[in-house]
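Below are the chains, spelled out letter by letter.
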Amino acid sequence: MIKKHWRLLTAITIILIAMIAGAAWGFNRYYASLLSPVNQKNNQPISVNIPSGASVKDIGHILENKGLVRKAWAFEFYARWNHLNNYRSGTYVFNQTMSTGQLMSDLENGKRHERILLVDVRQGMWVSEIAQQMATVANLDKTDILKKLSDHAYVKTHYAGKYTFLTDEVFAKGIKYPLEGYLAPGNYRFKVTKKDPLTLDRMIDQMLDQTEHTFKSYETQIKANKLGSFHKILAMASLVEQEAPKDKDRRLIAGVFYNRLEQKKRLESDTTVIYSRQKRNRDYTLKDIRKDTPYNTYTRTGLPIGPIGAPAKDAIQSVLNPTASKNLFFYARPNGKIYYSKTYQEHQAIVAKYRHEWSEKS
């Protein structure tokens, strides 16, 4: 009897062991299938954004929703079992031929198949300021960027041949940066990979492409404009850009500049003194105003030798469509209010009344 019970117990134990082993084998096989690529034949790129602060569980659900893993819990279990708890946030490009192990490895190592980098060129920015933006975003050296962008030979070789609006005027003696005013304001997005890194030329080309689009949009008006060239239109637009934020005032100020040019009066724009100093403040002195540079409209008649910043499209439109008047002067208060006058006496009265505001502001 004892032998029979022992044999039965042994048989039951063997069966249970076999069942457990079979279940374990079956589960392992099922679990392994969950970690395998979703579709070995589909290598279409899928963009995935992993936000900063997301947990491994969160990432699993993001990948499952994107169709990159079969089950979020399997991804989470794999990551925790293998102690893969560190990852780098950002935008990645994966595909369905990648296993869970490959996905997690890329996330942990920050191996981004694609990154989106943004360069924000604001209205009125100088090349020197845009260079700082590009250097920061693309991890380049600002000094090297400015050296290249001040080098006429470099600009001729890399850009002038591709863009017909970059005429010989941008290479005139005294021009600080040939591309000043030509790097159009805007928010620029760049897809970056190891094979296609973000270079200076990539950034500059996209900005010049935008300027080319504006040039072609207004080409007929540009050719008919009395200033005689796109370069001079951009030069005036850059003054207008920095003198007034409102469209109405921009058109009026453009009209004042045209009137002064016709009467051979100096434009006497403070913005050209500020640009000559390359300092964004109004603490310039009478000595600065009297210091002669190709950009200083207090010492030279006519437009500055070139643009003094990146004008927005509406500033260019203001120059092409100015508001006609007999005004020869304007004065801007710190609050943005601008006064116009036809005579020097009227202008001086306005200056005397409001000049103290700028001293108080500084």
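Residues numbered from 1 in each chain as written. Predicted model: local features only at pLDDT ≥ 70, side-chain atom pairs only at ≥ 80, totals over all residues. Heavy atoms only, no water.

Phi at asparagine 139 is positive, roughly 55°, even though this residue is not glycine. The residue asparagine 139 is located in the loop between helix H5 (127-138) and helix H6 (142-149) in this model. For asparagine 139, a relative accessible area of 70% puts it in the exposed group. Phi at lysine 264 takes a positive value of approximately 60°, unusual for a residue other than glycine. Considering the arrangement of structural elements, one finds lysine 264 in the loop between helix H11 (247-262) and helix H12 (270-277). (Helix = DSSP H or I, 4+ residues; strand = E, 2+ residues; numbered from the N terminus. Buried < 20%, exposed > 50% of the residue type's maximum accessible area, 1.4 Å probe, protein only.)

A separate point is the pairing of strand S5 (residues 329-332). Sheet analysis places S5 next to strand S6 (residues 338-341), joined by 4 bridges and oriented antiparallel. Opposite tyrosine 331, over in S6, you have tyrosine 339 as the bridge partner. (Pairing = 2+ DSSP bridges.)

Here we come to the layout of surface pockets. Computed from the structure, the largest pocket encloses a volume of approximately 1,400 Å³. Lining the largest pocket are 40 residues, and of these Asp270, Arg282, Tyr284, Tyr331 and Trp358 sit closest to its centre. The set of elements that each furnish at least two residues to the lining of the largest pocket consists of helix H10 (230-243), H11, H12, S5 and helix H15 (344-361). Ranked by the residues each element gives to the lining of the largest pocket, the list is headed by H15, at 8 residues. Of the residues assigned to the lining of the largest pocket, the class counts are 19 nonpolar, 11 polar and 10 charged. (1 Å grid on protein atoms, 1.4 Å probe; cavity = no way out; pocket = protein on both sides within 12 Å on 5 of 7 lines; lining within 4 Å. Points joined across faces, edges and corners; volume = space filled by probe spheres on them. Nonpolar A, V, L, I, M, F, W, Y, C, P; charged D, E, K, R; others polar.)

Turning our eyes to something else, we now look at a nonpolar patch on the surface. A cluster of nonpolar side chains, namely Trp73, Phe77 and Trp81, defines an oily patch on the protein surface of about 400 Å² accessible area. Here tryptophan 73 shows up in helix H3 (residues 72-81). (Patch = residues over 30% accessible without salt bridge, like charges linked within 9 Å, V, L, I, M, F, W, Y side chains within 5 Å. Areas by Shrake-Rupley, 256 points an atom, 1.4 Å probe, with all protein chains shown as cover. Salt bridge = Lys/Arg side-chain N within 4 Å of Asp/Glu carboxyl O.)

Turning our attention to the confidence of the model for the protein chain. Confidence in the prediction of the protein chain, expressed as mean pLDDT, is 86, and 88% of residues score 70 or more. Between residues 21-27, whose pLDDT stays under 50, and residues either more than four places distant or in other chains, the model counts 1 contact. (pLDDT = per-residue confidence, 0-100. Contact = heavy atoms within 4.5 Å.)

Moving on to H12. Across the 8 residues that make up H12, a large majority, 6, are buried. Buried within H12 we find Asp270, Thr271, Thr272, Val273, Ile274 and Tyr275. Residues of H12 that are buried sit in contact with H10 and helix H13 (286-290). The first or second residue beyond H12 is glutamine 278, which carries a positive phi of 60°.

The subject of this paragraph is the pairing of strand S1 (residues 46-50). The alternating pattern of S1 places Ile46, Val48 and Ile50 on a buried face and Ser47 and Asn49 on a face that is not buried. Relative to strand S2 (residues 90-94), S1 is paired through 5 bridges, and the arrangement is antiparallel. In the strand pairing of S2, asparagine 49 is matched with threonine 91.

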